[in-house]
Structure formats: C-alpha cells, structure tokens
Amino acid sequence: MGRLTASLLAAMILAWAMAEPAAATFPGRPGKIAFSRSSARTFPSNGDIWTETRSGRQRRLTHTRRVDETDPVFSPNGRTIAYVRRAGGNADIWVMRANGTRKRLLIGGSFDELQPSFYPSGRSLLFTNFDGGRSWTVYSIRLNGSRVMRQVPNATFPVVTRNGRFLAYSAAGAGGGIRIRDLRSGRTRRLTTGSAQQLDISPSGNRIVFTGQRPCRRGGRLRFGLLSVGLRTGDVSKLRLSCRREFIMPAYSPNGRRIAF
C-alpha cells in the first residue's frame, strides 16, 4: 500500500472548498479517489461523480442534467463504483465501471436506496432503505441484482470489515451510536451512543472513523466533527472538532495511515 501524498491531500481539500457535497473513497490500491462535486448549495445538489489520480488529474464520470449523483464507493478491486442516483425526488443505487462506462440501475423502487457499501468479496453490497417516514433498514444485494436480503432493522451507514467478520452500522433510534455485529456468531454489541454517521473501517479492522454531531457549547449550535472508535477497546478519539467548521465524509487511505474528509 502506498502513502497518500501531500499533493493528493491538498487536491482533496481544494475540491471540498470549491463545492459540496463531496466524499472521497479509495479502491483496493492507493492513488485514485472518487468524490461527488456540485456548485449548488441546495438539495438535491445536482452533483456529479468524479475521480482524481495521485497526480491530480480529474475526470468526470457522470453528467446528467437535473439528476443528483453522489456517495461513490469503489469495489475492493477498484474496478466498479456504486453510487446514489437521485432523480425526481427518488434515490436509487446504480453501479458503473471505474472509468464511467456501463452505468446501470442496481436497485430502485418507490423508497430511497442510499449509502452503498461493498462486501470484501466485491460480489455483493449493503445499502440502506428509507421508507420516507421513520424507518431505516439495511439490506444486501448481489452485484447482478439478485438476492435482496434484509440485514438490520433501524440501522444506517453499514460497512463490513475487510476480513468479512464484523458488520458495523449506526443505530437509528434507541440512543443511536455505533453497533457491531459478529457475522459468525450473530451477536451485536454497542460501541458508542449519540450521533454517528458516515462510518468507515480502517484496513486493519481496528478502528472506525465517523462523523458525529456535537454541540459547541451548552445550548449552542450543533456541529459535525470527526471521531474514531476502537472496535475492540471502545475508546473514542476526537480527530477534528470546531465551532466554526464542519468535518464530514471521512475515508481511510488503503494503508490506513491517512484519512480524507
């Protein structure tokens, strides 16, 4: 695994400063990131999916008028990108090749399908279904569109450790926080409480970085900060907190030494 260079980090920070929303993700090999860019400050933002190489070369992969395309995530081998495509107020999961070709609908319907995340095998992925009211449910689906299976009720932001042993997610309700499910034993335990969104697990499987919403002061405005928690130890570290800025969409580099946000 190569080191994420300072120039690449600077390019990612510049992309964030220019437009929102954007989310950096990494394939199984170092160097390239995928993100969503939009000049709009509204929602939906009419965002497009872009990639950027280690040298700073950017390429737009989607460009559909009046369609919001966001939340890109690479498959483990870096050959496929799953993303959220929102058209006419409805969000679906689409997939395409990493070069932007062969775009196709993977899962859609009358509800919103959000937050795609690949299994380590790359043959299936997880996603969150939102019914438009109060119900959030994590499902899985094969990349060929078959075997849609309900995995976790009242849950969001699913992600699986690289060894396929643990499923982490954010609980919707019941105090919130991050939960860890052992996919062998089926046992679930709580890691944190309170706000926890946009989870990403380190390549080693030892820590989870996430976005947490915290008040700046008693009765003050809520802000998003970056935090991490140990999967085994449960210790929480505050990585970035500010009353003037928000830090969101964290993603580990392939070697786990850097975090893009």
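Bear in mind the structure is a predicted one, so any value in this text is a computation, not a measurement.

1. Overview of the packing of aromatic side chains
Okay, step 1: The final tally for this structure, using the stated rule, is three aromatic pairs.
Okay, step 2: Look at F247 and F261: their rings are 5.9 Å apart centre to centre, the planes differ by 75 degrees, and that puts the pair in the edge-to-face class. Taken together, the residues span a long stretch of sequence, with F247 in the loop between β19 (236-240) and β20 (251-252) and F261 in the segment after β21 (259-260) at a distance of 14 residues.
Okay, step 3: Judged by relative accessible area, which is 29%, F261 ranks as partly exposed.
Okay, step 4: Here R37 stacks its cationic end above the ring of W50, 4.7 Å away from the centre of that ring.

2. Concerning the pattern of salt bridges
Okay, step 1: A full pass over the atoms with the stated rule returns six salt bridges.
Okay, step 2: Between R86 and D112 there is a salt bridge, with the nearest N and O atoms lying 3.7 Å from each other. Of this pair, R86 sits in strand β5 (residues 80-87) while D112 sits in strand β8 (residues 112-118); the two residues are 26 residues apart in sequence, bridging distant segments of the chain. The exposure classification of R86 matches that of D112, with both residues buried.
Okay, step 3: Here E246 ties to R223 by a salt bridge, and the two come within 3.7 Å at their closest N and O atoms. On the criterion of sequence distance, the pair formed by E246 in the loop between β19 and β20 and R223 in strand β18 (residues 222-230) is long-range, its members being 23 residues apart.
Okay, step 4: The partly exposed category is assigned to E246, whose relative accessible area is 37%.

3. Re the side chain of N90
Okay, step 1: With respect to the helices and strands, N90 occurs in strand β6 (residues 90-97).
Okay, step 2: Side chain to side chain, N90 and D92 meet in a polar contact 3.1 Å long.
Okay, step 3: At a separation of 2.8 Å, a polar atom in the side chain of N90 contacts the main-chain carbonyl oxygen of G109.
Okay, step 4: Not counting chain neighbours up to four residues away, the residues in contact with N90 comprise R85, G109, S110, F111 and D112.

4. Focus: the sheet that holds strand β16 (residues 197-201)
Okay, step 1: In space, the four strands of this open sheet follow the order β16-β17-β18-β19, with antiparallel pairing throughout. At either margin of the open sheet sits one strand with a lone partner, and together these are β16 and β19. Across the sheet, the mean angle from the axis of one strand to that of its neighbour is 30 degrees, orientation sign disregarded.
Okay, step 2: In this sheet, β18 lies alongside strand β17 (residues 207-215) in antiparallel orientation, the contact comprising nine bridges. Paired with P215 across the bridge in β18 is L222.

5. A closer look at unusual backbone geometry
Okay, step 1: Residues other than glycine seldom take positive phi values, yet N154 does so here, at roughly 50 degrees.
Okay, step 2: Relative to the helices and strands, N154 resides in the loop between β11 (149-153) and β12 (155-160).
Okay, step 3: A positive phi angle, close to 55 degrees, is found at M249, a residue other than glycine.
Okay, step 4: Assignment of secondary structure puts M249 in the loop between β19 and β20.

The rules behind these values
- Residues numbered from 1 in each chain as written.
- Predicted model: local features only at pLDDT ≥ 70, side-chain atom pairs only at ≥ 80, totals over all residues.
- Heavy atoms only, no water.
- Phe/Tyr/Trp six-rings, centres within 6.5 Å; stacked < 30°, edge-to-face > 60°.
- Helix = DSSP H or I, 4+ residues; strand = E, 2+ residues; numbered from the N terminus.
- Buried < 20%, exposed > 50% of the residue type's maximum accessible area, 1.4 Å probe, protein only.
- Lys NZ or Arg CZ within 6 Å of the ring centre and 35° of its normal.
- Salt bridge = Lys/Arg side-chain N within 4 Å of Asp/Glu carboxyl O.
- Polar contact = N/O pair within 3.5 Å; in protein donor to acceptor, adjacent residues only side chain to side chain.
- Contact = heavy atoms within 4.5 Å.
- Pairing = 2+ DSSP bridges.
- Axes fitted to C-alpha atoms, helices over the stretch in contact; angles between N-to-C directions.

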